[in-house]
Amino acid sequence: MREIPGAWRRTAQGAGLLSAEGAAAPTIFAEMSALAAQSGAINLGQGFPDEDGPAAVIDAARAAIADGRNQYAPGRGVPALLRAIAAHQERFYGVSLDPDREVVTTAGATEALAATLLALIDSPDDEVVVFEPYYDAYAAAVALAGARLVTVPLHWPDFQPDLDDLAAAVTDRTRIILVNDPHNPTGAVFSADVRAEIVRLAERHDALIVTDEVYEHLVFDGAHVPIATYQAAAERTLSISSAGKTFSTTGWKIGWITGPADLIDAVLAVKQFLTYVCATPFQDAIAVGLGLPDAVFAGIAATLRAKRDRLAEGLNAAGFTVSTPAGSYFTVADAAALMEPGIDAAQFCRELPARAGVVAIPLTAFVAPERRRDYATLVRFAACKRMEVIAEASRRLALISAARP
């Protein structure tokens, strides 16, 4: 078989996509989505909405296209969006930014993450600390950048890290602490103690902090607190977010990075050779979205909270033990009581469409092989679907309990 070139092999290995024979293997997400399509099951596996977001945002995109805003944008982004991002950070978090120097737009948060790691990793000895389970792109991007991934486990049921584990993971070899808050896949929101310890350790070991905050407006109790608001963290933190989750426009791939100008310049130097720019009319539309009234943002979170609660009703009725998420699209549930002996979460998810007509994702898809035993009975469900779809999925899931002997 032809050898996979080095960078591709490193990335595939980091993402866990190589089989024992060295061939590229499909992800569990692709497998579960195909199973949903084949079986007609309700797909609560992947985190994308099935309805549009605010009409003002959709209408602004149509208007931008009709007005001829269809060519390359400036490299840093459309000026209106750069200003809107800076105004958003000031409005919600009190963070003051220069839109011309401290903001750059990207093709979604995933490109922002990849460009950041490629820009800021200096050598193969560099380490990137992440919280496990982790969004699957993290390991792939760290591998592509040539660094070493160091994980800190999150613990059922609230998915907070042990602070001693965190302190042991961050050393003088740590180049970046990568923080996803609110967290995918667990739905956790990190406590103030965890955030403070991240900042303390970064300062002590002169590490950079990169935050993935794409679910920032999907916090269900209280307000999101960016690490960049900590005085000791401001000069060493790059904050990543995107429009997809907030405005239900995941297909537009409009993301951004904010932070100190010197770090932004380093990321831009890499980003310009990846996608160069992202879609001009969608940038104009998201600039409109970021300026919508507070009530719109509160309503987006309240709608998802109601869906979360409806899904939890069905999971509890089915016999799952539910970890109530504090944010994001996702709910994690323990299926141990519903599993036959010798079955793990992956096999349970493969059987779930036939048992209940619902598709979910095993949490083991988000952890390294050596840690899968710790999450072997946990399953992730996405609540970012229409309420009637969530209600039907909950009804189907509840039938599992009725069907048990």
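About the criteria used
Residues numbered from 1 in each chain as written. Predicted model: local features only at pLDDT ≥ 70, side-chain atom pairs only at ≥ 80, totals over all residues. Heavy atoms only, no water. Buried < 20%, exposed > 50% of the residue type's maximum accessible area, 1.4 Å probe, protein only. Helix = DSSP H or I, 4+ residues; strand = E, 2+ residues; numbered from the N terminus. Pairing = 2+ DSSP bridges. Phe/Tyr/Trp six-rings, centres within 6.5 Å; stacked < 30°, edge-to-face > 60°. Lys NZ or Arg CZ within 6 Å of the ring centre and 35° of its normal. Domains from an automatic or database assignment. Contact = heavy atoms within 4.5 Å. Buried area = accessible area lost by both parts, 1.4 Å probe. Salt bridge = Lys/Arg side-chain N within 4 Å of Asp/Glu carboxyl O. Polar contact = N/O pair within 3.5 Å; in protein donor to acceptor, adjacent residues only side chain to side chain. Nonpolar A, V, L, I, M, F, W, Y, C, P; charged D, E, K, R; others polar. Axes fitted to C-alpha atoms, helices over the stretch in contact; angles between N-to-C directions. Parallel < 35°, antiparallel > 145°, perpendicular 65-115°, else oblique. Left-handed = near helix turned anticlockwise from the far one by under 90°.

**Q** Mind laying out the pairing of strand 11 (residues 330-334), listing which residues take part and the relevant values?
**A** Of all five residues that make up strand 11, five are buried, and the element is covered over most of its length. Residues Phe330, Val332 and Asp334 line one face of strand 11 and the alternating positions Thr331 and Ala333 line the opposite face, and both faces are buried. Where strand 10 (residues 321-323) lies against strand 11, three bridges are found, and the strand directions are antiparallel. What sits directly across from Thr321, in strand 11, is Asp334. Hairpin connection of strand 10 to strand 11: six residues between the antiparallel strands, including Ser328 at a positive phi of 80°. Where strand 11 and strand 14 (residues 378-382) come together, five bridges link them in antiparallel fashion. Looking at the pairing, Thr331 lines up with Phe381 of strand 14.

**Q** Go over the packing of aromatic side chains, please, and point to the residues and values.
**A** What the rule picks out here adds up to 14 aromatic pairs. Consider the rings of Phe92 and Tyr93, whose centres lie 6.2 Å apart with planes at 45°: the pair is tilted. A residue is classified by how much of its surface remains accessible, and Phe92, at 26% relative accessible area, is partly exposed. Between Phe131 and Phe190, the aromatic rings sit 4.9 Å apart at their centres with planes inclined by 55°, giving tilted as the arrangement. Of this pair, Phe131 sits in strand 3 (residues 127-132) while Phe190 sits in the loop between strand 6 (174-180) and helix 8 (192-205), and the two are 59 residues apart along the sequence. Comparing Phe131 with Phe190 shows no difference in burial state: the two are buried. Three or more aromatic residues link up through ring pairs in this structure, and these residues are Phe92, Tyr93, Phe247 and Phe297. Over the ring of Phe330 we find Arg380, and its NZ or CZ is 3.7 Å from the ring centre.

**Q** Describe the domain arrangement of the protein chain, listing the residues and the values that go with them.
**A** The domain architecture assigned to the protein chain consists of domain 1 (6-50 + 294-401) and domain 2 (53-292). Computed over C-alpha atoms, the centres of domain 1 and domain 2 are 24 Å apart. In this assembly, 37 residues from domain 1 lie in contact with 40 residues from domain 2. In total, about 3300 Å² of surface goes out of reach between domain 1 and domain 2, with carbon and sulfur atoms giving 63% of it. For the salt bridge of Arg371 with Glu132, the shortest nitrogen-to-oxygen distance reads 2.5 Å. For the pair domain 1 and domain 2, the interface holds 15 residue pairs in polar contact (both at pLDDT 80 or more). Every element with two or more residues in the side of domain 1 that touches domain 2 is listed here: helix 1 (6-14), helix 12 (294-318), strand 10, strand 11 and strand 14. With eight residues, the single largest contributor to the side of domain 1 that touches domain 2 is helix 12. Here the residues of the side of domain 1 that touches domain 2 are counted per class, giving 23 nonpolar, seven polar and seven charged.

**Q** A description of the pattern of salt bridges should follow, citing residues and the corresponding values.
**A** In total, this model carries 20 salt bridges according to the counting rule given. For Lys271, the salt bridge identified is with Glu111, shortest N-O distance 3.2 Å. Remark: Glu111 occurs in helix 5 (residues 108-120) and Lys271 occurs in helix 10 (residues 261-271); sequence separation between them is 160 residues. Take Glu111: its relative accessible area is 9%, and that puts it in the buried class. Among the salt bridges present, the one from Glu313 reaches Arg310, with a minimum N-O distance of 3.3 Å. Here the residue Glu313 and the residue Arg310 both occupy positions in helix 12, the gap between them amounting to three residues, near one helical turn.

**Q** Report on the packing of helix 5 against helix 6 (residues 136-145), specifying residues and quantitative values.
**A** Following both chains from N to C, one finds helix 5 and helix 6 inclined at 30°, their axes separated by 9 Å at the closest point. As the angle between them shows, helix 5 and helix 6 are arranged roughly parallel. Judged by the twist between their axes, the crossing of helix 5 over helix 6 is right-handed. Residues Thr110, Leu113, Ala114, Leu117 and Leu118 of helix 5 form the contact with helix 6, whose participating residues are Ala137, Tyr138, Ala141, Val142, Leu144 and Ala145. Class assignment for the residues of the contact of helix 5 with helix 6 results in 10 nonpolar, one polar and no charged.

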